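# What the coordinates show
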4 protein chains.
Amino acid sequence: MLKRFGVSVAADLLEGFDELVASRGYANRSEAIRDLIRDALVQREWESGDAEAAGAVVLVYDHHRRELQARLTRLQHEAHDRIISTMHAHLDHDNCIEVILLRGKPGQLKGIGEKLIATRGVKHGRVVSTTMGKHLS
Amino acid sequence: MLKRFGVSVAADLLEGFDELVASRGYANRSEAIRDLIRDALVQREWESGDAEAAGAVVLVYDHHRRELQARLTRLQHEAHDRIISTMHAHLDHDNCIEVILLRGKPGQLKGIGEKLIATRGVKHGRVVSTTMGKHLS
Amino acid sequence: MLKRFGVSVAADLLEGFDELVASRGYANRSEAIRDLIRDALVQREWESGDAEAAGAVVLVYDHHRRELQARLTRLQHEAHDRIISTMHAHLDHDNCIEVILLRGKPGQLKGIGEKLIATRGVKHGRVVSTTMGKHLS
Amino acid sequence: MLKRFGVSVAADLLEGFDELVASRGYANRSEAIRDLIRDALVQREWESGDAEAAGAVVLVYDHHRRELQARLTRLQHEAHDRIISTMHAHLDHDNCIEVILLRGKPGQLKGIGEKLIATRGVKHGRVVSTTMGKHLS
């Protein structure tokens, strides 16, 4: 069910906002505002840490590193009840990028991500916070 | 001049937003939405980097460190045309906190901040991006 | 080729760092420091924006939304020369999570990500910056 | 007391790091590494939230707004036991920038900052996390 409410904004602030709406490719202001709201709610979800969240870990590594893939796979198996699925792609002859999708409490997801990123041979990694989507329409 | 427009939001998203509005102490939804818009515009201002912006550098350091204050003051004088003013406070017997307010192009402000933070003896520092306020009502 | 250099750190800073090394699961201090260095370099790569980078876009959306998947697929095809691959997973009966891996200049990757995130019906999205890994051993 | 330890880093990673050290104006690698370590520790301090931290709130607002300064001052008085000091500067005929230095638990400091930022008429605000400096040499 959609609800509608009015927002008052000074003319020049609205002008700047309309430029942002256009440059990011939003269909209209409501779209853009819904995204700003959702992003603020997801951030709060991850800060409070109680509700189930979704997240992703992005890793870049050299697959030639001895034992590295075995180690990453082992860590993922230890967290298998939090992992939704994993994708792997080849950046060049040596470098791979891997994305692991996770669900669980934010603290758990951070912990799993930090361990994967800390693994010797991982060149770069990031934990990305997002949402299960249930309470965000 | 205030302009008014309508926003359509799903009922449960609105519920989450109303909680956020209350917990952060906003008087009403319009207030909160204006802040989300302004923050997105300030971020874009700092990313594009062309217009004059305002910023702050926050430094924590031990004032007993030999030559440290002299060095920080010298760096600030080299950038005196970008510096608005500076505040200094005492955290305990040893530690000071200092805030330097700046105005100029985002790239310049980052550069000045990075040099201050990089000074030997500075324990922690951050560059904070904000706005001259002119185009944000 | 590995190079070795010495770092001087105050005793209590080292103590805090050793706790961090342990809690994040690093094998040793060198591992942790290499990660701090790499993360600073990736940030700089994305800020300067000239070199080829890798990135990911994470999207959460309701696949029941009419035309949404078609629209997301169309946007991805328009950017097919920047997209490495895409993974899709089901969070619950309604919600999907999708990760799109990208390579290209940071500005391009941000632009593609912003358009995908701005698409009507996408509940939450983030652009994640990482690296092609070539210059990071 | 200074402690010294060795770090092993691949040659090309070290090359990138040395460029970063130079461009940010660090005197040597140890300086830069100490800053990376301290920043990671301050982030953890703010995430765990138990120990006393220092912080700053940066506000930009139009001082002509009726009642605004009175309201900001009242909010600051309610939090007077957390506030170290405040600095105010004039950006132009209308706009002011104000920095409020705070000490206390990260959650409290965020709460005070969010309330100040949420006050009607404040154009932009940020909460900046830093440290009391005690455990960071």
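Residues numbered from 1 in each chain as written. Chains lettered and ligands numbered in written order. Predicted model: local features only at pLDDT ≥ 70, side-chain atom pairs only at ≥ 80, totals over all residues. Heavy atoms only, no water.

### As for helix α2 (residues 29-48) of chain C
The periodicity of an α-helix, 3.6 residues per turn, causes residues three or four positions apart to be oriented the same way. Residues and elements named next belong to chain C. Convention followed: To qualify as a helix, a DSSP run of H or I must reach at least 4 residues; to qualify as a strand, a run of E must reach at least 2; elements of each kind are numbered from the N terminus. A helix is expected to span 1.5 Å for every residue after the first. Pairing of N or O atoms within 3.5 Å defines a polar contact, subject to two protein rules: one partner must be a possible hydrogen donor and the other a possible acceptor, and residues neighboring in sequence count only if both atoms are side-chain atoms.
Its 20 residues give α2 an end-to-end C-alpha distance of 29 Å, which sits within 8% of 28 Å, the value for a rise of 1.5 Å per residue. Of the residues flanking the start of α2, the one acting as N-cap is N28, its side-chain oxygen 3.1 Å from the backbone nitrogen of S30. A positive phi of about 80° marks G49, the residue just after α2.

### Section: unusual backbone geometry
Phi angles above zero are rare outside glycine, and E67 of chain A is one such case at about 75°. Relative to the helices and strands, E67 of chain A resides in the loop between β2 (53-62) and α3 (68-78).

### Quick look at the packing of helix α1 (residues 11-23) of chain C against helix α2 (residues 29-48) of chain D
For clarity, the threshold we go by: To define axes, lines are fitted to C-alpha atoms, for helices over the stretch in contact only, and angles between the resulting N-to-C directions are given on a 0 to 180 degree scale. Between 65 and 115 degrees an angle is taken as roughly perpendicular, under 35 as roughly parallel, over 145 as roughly antiparallel, and anywhere else as oblique. Crossing chirality is assigned from the near helix's rotation relative to the far helix, an anticlockwise turn below a right angle marking it left-handed and a clockwise turn marking it right-handed. Residue contacts are defined here by distance: any two heavy atoms, one from each residue, within 4.5 Å place the two residues in contact. Under the scheme applied here, ten amino acids are nonpolar (Ala, Val, Leu, Ile, Met, Phe, Trp, Tyr, Cys and Pro), four are charged (Asp, Glu, Lys and Arg), and all others, including Gly, are polar.
It is at 10 Å that the axes of α1 of chain C and α2 of chain D come closest, and there the two elements cross at 65°. With respect to each other, α1 of chain C and α2 of chain D are oriented roughly perpendicular. For α1 of chain C against α2 of chain D, the interelement crossing comes out left-handed. In this structure, α1 of chain C contributes L13, G16, F17, E19, L20 and S23 of chain C to the contact, and α2 of chain D contributes R34, I37, R38, A40, L41 and R44 of chain D. Residues of the contact of α1 of chain C with α2 of chain D, tallied by class, amount to six nonpolar, two polar and four charged.

### Section: a positive patch on the surface
Residues and elements named next belong to chain A. As a reminder of what qualifies: A patch consists of residues exposed above 30% relative accessible area that lack any salt bridge, with like charges linked at up to 9 Å and nonpolar side chains (Val, Leu, Ile, Met, Phe, Trp, Tyr) linked at up to 5 Å. Per-residue accessibility takes into account occlusion by the displayed protein chains alone, with areas from the Shrake-Rupley method and a 1.4 Å probe. What counts as a salt bridge is simple: a side-chain nitrogen of Lys or Arg found within 4 Å of a carboxyl oxygen of Asp or Glu. Residues scored as positive are Lys and Arg, those scored as negative are Asp and Glu, and His as well as the terminal groups of each chain are ignored. Positions of charges follow a simple convention, taking NZ of Lys, CZ of Arg, CG of Asp or CD of Glu. Three exposure classes are used, based on accessible area relative to the maximum for each residue type with a 1.4 Å probe and protein chains only: buried under 20%, partly exposed in between, and exposed over 50%.
Residues R65, R66, R71 and R74 make up a contiguous surface patch of positive charge. Structurally, R66 is set in the loop between β2 and α3. The exposure class of R66 is exposed, given its relative accessible area of 73%.

### Details of the relation of the copies chain D and chain C
Going by this rule: The copies are overlaid by a least-squares fit using only the C-alpha atoms of residues whose pLDDT is at least 70 in both copies.
Relative to chain C, chain D is turned by 180° and slid 0.0 Å along the rotation axis, the superposed coordinates differing by an RMSD of 0.0 Å. This pairing of chains is accounted for by a two-fold axis. By C-alpha distance to the rotation axis, the residue of chain D lying nearest is G6 of chain D, at 2.1 Å. Taken together, the interface assignments show that 100% of the residues at the interface of chain D recur at the interface of chain C, consistent with an identical surface on both copies.

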